[in-house]
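Here are the chains, one letter per residue:
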Amino acid sequence: MPLGIYISVPFCRTKCSYCNFASDVFSRAVFERYVDRVCADIENAPQVAAEMGGQMERAVDSIYLGGGTPTVLETAQLERIFEAVRRQFEVTPSAEVTVECAPGTLTPAVIESLLRCGVNRVSLGVQSFVDQEAAAVGRLHERATVLDDIAQLRATAADRSGTRRQT
């Protein structure tokens, strides 16, 4: 049976009042050390499994990069994580590869990086399209930001599938 891999990136731009996840706001200086450690853990996973008497499948049909907000990482850091996974595991061609994104973190450079990483699904953290409700729980986005992110994602998907409509 293929594996599903979940990698937590516990960094956020702000800590939302409702959040119980192991995440928080950290200095960007911490990001590189964290990515180094995650990549080392991925590399050492087969050895750790063997030391514990287990077997680890190499086939992977699901990768989920969650958090926190993985898209607060630099694009090179995101790419290093996915490269480490692909070096250690055999990601099936039909694998679902998801990244959680907070509204407002999807720049064109981030979207291109996600595509290079093989991401085919984005989980956009929208708790409300009502600006006052989002602000009340500590979200930094506004409705307009979310709609802009969705438009960017749709345009990129249309460009990639060759079905972009003329406007």
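All residue numbers refer to positions counted from 1 along the written sequence of the respective chain. Predicted model: local features are reported for residues with pLDDT of at least 70 only, side-chain atom pairs are reported and counted for 80 or more only, and whole-chain, interface and lining totals are derived from all residues. Side-chain numbers here rest on the full set of heavy atoms in the structure, without hydrogens or water.

## Considerations on helix 2 (residues 75-88)
Starting at the N terminus, helices and strands are each numbered in turn, a helix being any DSSP run of H or I of at least four residues and a strand any DSSP run of E of at least two. A helix is expected to span 1.5 Å multiplied by its residue count minus one. Helix length check: helix 2, at 14 residues, gives a terminal C-alpha distance of 20 Å against a target of 20 Å (1.5 Å per residue), a fit within 8%. With a 1.4 Å probe rolled over the protein chains alone, any residue whose accessible area is under 20% of its type maximum counts as buried; one over 50% counts as exposed, and the rest are partly exposed. If you check which residues of helix 2 are buried, you get Q77, L78, E79, I81, F82, A84, V85 and Q88. Summarising the contacts, the buried residues of helix 2 are in contact with strand 1 (3-9), helix 1 (28-51), strand 2 (59-67), strand 3 (90-101) and helix 3 (108-116). In what follows, a contact means two residues having at least one pair of non-hydrogen atoms within 4.5 Å.

## Some details on the packing of aromatic side chains
For any pair of aromatic rings, the description consists of the separation of the ring centres together with the inter-plane angle of the planes. Pairing of aromatic rings covers Phe, Tyr and Trp, the last through its six-membered ring, and needs centres within 6.5 Å; plane angles under 30 degrees mean stacked, over 60 mean edge-to-face, and all others mean tilted. Tallying each qualifying case throughout the model produces 1 aromatic pair. On the basis of an interplanar angle of 15° and a centroid distance of 5.6 Å, the ring pair of Y6 and Y64 is categorised as stacked. You can see Y6 sitting in strand 1 and its partner Y64 sitting in strand 2, a full 58 residues away along the chain.

## Describing the pairing of strand 3
Remark: a regular strand shows side chains that alternate across the two faces of the sheet. Think of it this way: DSSP has to see at least two bridges between two strands before they count as a pair. Bridge count for strand 2 against strand 3 is 6 bridges, and the pairing is parallel. Considered in strand 3, the bridge of V60 is made with V91. Consider the strands pointing away from the viewer: the crossover is right-handed when the path from the first strand over the helix to the second runs clockwise. Viewed along the sheet, the connection from strand 2 through helix 2 into strand 3 turns out right-handed. In the sheet, strand 3 pairs with strand 4 (residues 121-124) via 4 bridges, with the strands oriented parallel. The residue bridging T98 from the neighbouring strand is R121, located in strand 4.

## Focus on the environment of R139
On the secondary structure map, R139 appears in the loop between helix 4 (131-136) and helix 5 (143-161). What makes R139 buried here is its relative accessible area of 15%. Remark: the alpha-carbon pair of R139 and Q127, spanning 12 residues in sequence, is separated by 8.0 Å.

## Things to note about the side chain of Q77
Structurally, Q77 is set in helix 2. Polar contacts, as counted here, are pairs of nitrogen or oxygen atoms within 3.5 Å of one another; within protein the pair requires one atom able to donate a hydrogen and one able to accept it, and residues that are adjacent in sequence qualify only if both atoms are side-chain atoms. At a separation of 2.8 Å, a polar atom in the side chain of Q77 contacts the side chain of E32. Looking at Q77, its side chain comes within polar contact range of the main-chain nitrogen of E74, at 2.9 Å. Apart from residues lying up to four places away in sequence, Q77 is in contact with F31, E32 and V35.

## Section: the packing of helix 2 against helix 3
Interhelical geometry of helix 2 versus helix 3 gives an angle of 10° and a closest axis separation of 10 Å. Between helix 2 and helix 3, the crossing angle belongs to the class labelled roughly parallel. Counting all contacts with helix 2, which are made through T75, L78 and E79, the residues of helix 3 involved are A109, V110, S113, L114 and R116. Residues are grouped as follows: nonpolar covers Ala, Val, Leu, Ile, Met, Phe, Trp, Tyr, Cys and Pro; charged covers Asp, Glu, Lys and Arg; every other residue, Gly included, is treated as polar. The residue makeup of the contact of helix 2 with helix 3, split by class, is 4 nonpolar, 2 polar and 2 charged. Fitting a line to C-alpha atoms yields each axis, with helices limited to the stretch in contact; the angle taken between N-to-C directions then spans 0 to 180 degrees. To sort the angles, those under 35 degrees are grouped as roughly parallel, those over 145 as roughly antiparallel, those from 65 to 115 as roughly perpendicular, and the leftovers as oblique.

## Topic: the sheet that holds strand 4
Read across the sheet, 4 strands follow the order 1-2-3-4 without closing on themselves; strand pairing throughout is parallel. This sheet does not close on itself; its edge strands, each paired only once, are strand 1 and strand 4. Within the sheet, the average angular offset between the axes of one strand and its neighbour, ignoring direction, is 15°.

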